[in-house]
Structures are given as C-alpha cells and as structure tokens.
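Report on the structure
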Amino acid sequence: MRTEALNRVRLVFDLFDVNGNGVLEAADFELMADRVRDAVPGAEAAAQESMAAAFRRYWDTLVEELDTDGDGRVDFDEYVACVLVPERFEGAAAEFAGALSTVGDLRGDGRVGRVEFVALMLAIGFAPANIQALFDALGPDEEDRVASGAWDASIREYYQPNADGTVGDLLVAIPAE
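Residues numbered from 1 in each chain as written. Predicted model: local features only at pLDDT ≥ 70, side-chain atom pairs only at ≥ 80, totals over all residues. Heavy atoms only, no water.

Taking an unreviewed UniProt entry as the reference, the protein is identified by name as EF-hand domain-containing protein belonging to Streptomyces amakusaensis.

1. Observations regarding the packing of aromatic side chains
Enumeration according to the criterion identifies 12 aromatic pairs in this entry. Here Y58 and F96 contribute two aromatic rings whose centre-to-centre distance is 5.5 Å and whose plane-to-plane angle is 75°, an arrangement assigned as edge-to-face. In this pair, Y58 is assigned in helix α3 (residues 45-66) and F96 in helix α5 (residues 86-103), connecting sequence segments 38 residues apart. Geometry around F76 places R10 over its ring, the cationic atom sitting 4.0 Å from the centre. (Phe/Tyr/Trp six-rings, centres within 6.5 Å; stacked < 30°, edge-to-face > 60°. Helix = DSSP H or I, 4+ residues; strand = E, 2+ residues; numbered from the N terminus. Lys NZ or Arg CZ within 6 Å of the ring centre and 35° of its normal.)

2. What to know about helix α7 (residues 128-137)
Residues of α7 that are buried: N130, I131, L134 and F135. Seen from one end, α7 has its buried residues packed into an arc of 135°, which puts them on one side. Tucked into the core, α7 has its buried residues touching β3 (111-113), α6 (114-124) and β4 (145-147). Just downstream of α7, G139 is the residue with a positive phi angle, here 75°. (Buried < 20%, exposed > 50% of the residue type's maximum accessible area, 1.4 Å probe, protein only. Arc of directions from axis to C-beta. Contact = heavy atoms within 4.5 Å.)

3. Description of the environment of T102
Tracing the backbone shows T102 in helix α5. Considering only alpha carbons, one finds T102 and V112, 10 residues apart in sequence, at a separation of 8.2 Å.

4. Points about the UniProt feature "domain: EF-hand" (unreviewed entry) in the protein
The UniProt record annotates "domain: EF-hand" (unreviewed entry) at residues 4-39 and 54-89. End C-alpha to end C-alpha, residues 4-39 measures 28 Å, and it is 75% helix and 8% strand. As annotated, residues 54-89 has a helix share of 69% and a strand share of 8%, and its two end C-alpha atoms lie 12 Å apart. (UniProt positions renumbered as here; feature names shortened; annotations may be inferred.)

5. Describing a negative patch on the surface
A contiguous patch of negative charge on the surface is contributed by D69, D71, D75 and D77. Here D71 shows up in the loop between α3 and β2 (73-75). The class for D71 is partly exposed, based on a relative accessible area of 40%. (Patch = residues over 30% accessible without salt bridge, like charges linked within 9 Å, V, L, I, M, F, W, Y side chains within 5 Å. Areas by Shrake-Rupley, 256 points an atom, 1.4 Å probe, with all protein chains shown as cover. Salt bridge = Lys/Arg side-chain N within 4 Å of Asp/Glu carboxyl O. Lys, Arg positive; Asp, Glu negative; His and termini not counted. Charge placed at Lys NZ, Arg CZ, Asp CG, Glu CD.)

Here you go:
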C-alpha cells in the first residue's frame with residue numbers, strides 16, 4: 001500500500017469524522033450527506049436523493065464490513081482495512097463517485113461547472129485551493145466545466161491502494177494559498 005493512498009484516505013476519514021471524536025458513526029454520514037445536498041440546491045431531487053443514498057451505502061459498507069463489536073463506530077485502522085481493499089469497497093466507492101458527479105451536473109449533459117464542483121467539495125470539507133487545483137487538473141472546457149465522468153474516475157482512483165500521482169493527490173497537498 002502506497003503512502004499516497006494512506007494520505008488520501010486519512011484526509012477523507014478526518015473530513016467524514018464530522019464531530020471530530022476520532023471515529024466514524026452513522027450520524028457523521030447523515031450530516032455530510034445533508035451538507036452535500038444543500039451545497040447544490042439547483043440539483044434535481046432524484047440526484048440529491050441518490051447522493052444521500054450513496055452516503056448511506058458508504059456507511060453501511062463500512063459498518064457491515066468492520067464493526068465487529070457492534071458499537072456502530074469505525075476507527076481509522078478499521079477504515080483503512082476496508083476502503084483500500086477494492087474487493088470490499090469498490091461498489092460503495094463507485095456509487096459514491098457516480099452520485100457526487102451526477103448531483104453537480106445541473107444541466108444533465110455530463111459536465112459539472114466550477115461553481116457546483118467547488119460547492120460540493122467545500123461541503124465535504126476539502127481546502128479551497130486544493131479544490132481549484134483538482135478542478136483545473138480535470139481539464140475544464142471553455143465554459144469552465146469538467147466532464148462528470150472524469151471526476152467520477154478521479155474519485156474511484158482516489159481509493160486505489162497502489163495509485164500514486166493521481167489528480168486526487170492534489171486534495172491532500174498542502175494548500176498553496
């Protein structure tokens with residue numbers, strides 16, 4: 001497992017630990033889902049519900065795979081044991097990636113504008129400068145929009161244990177303010 005992958009996953013764990021108590025709980029994922037839904041109020045209701053369902057699936061996968069003592073909590077070591085093992089987490093990651101990239105596609109044309117992209121990523125908690133760097137790396141077009149498929153692929157790649165030099169690594173870098 002590459003250090004880059006651990007750094008990416010550590011960042012997501014810390015962001016999803018909304019209350020900062022060092023463990024992930026169902027309430028963390030519900031709060032994050034609400035934040036993301038609220039970030040793009042112009043998104044279709046079906047896309048917003050898919051996003052909330054993806055957060056629930058993400059949590060359900062973690063708790064089903066890892067919560068052996070039944071306390072409804074997942075610590076960082078347990079988290080890494082699931083999310084960086086593609087055969088255990090690939091389905092949840094794919095659903096999450098698809099839902100996030102779809103909720104930002106307000107026109108339904110397979111592209112996400114910078115405003116929506118930034119709003120969604122800020123709602124998750126990523127640093128503004130890192131969000132801008134990622135958006136630029138995804139190759140915006142003349143309308144300042146990126147392909148939702150490229151964003152989807154970058155999210156899936158983010159969780160690959162042997163990936164290095166990914167665009168997702170831009171989210172982990174120290175922000176250049």
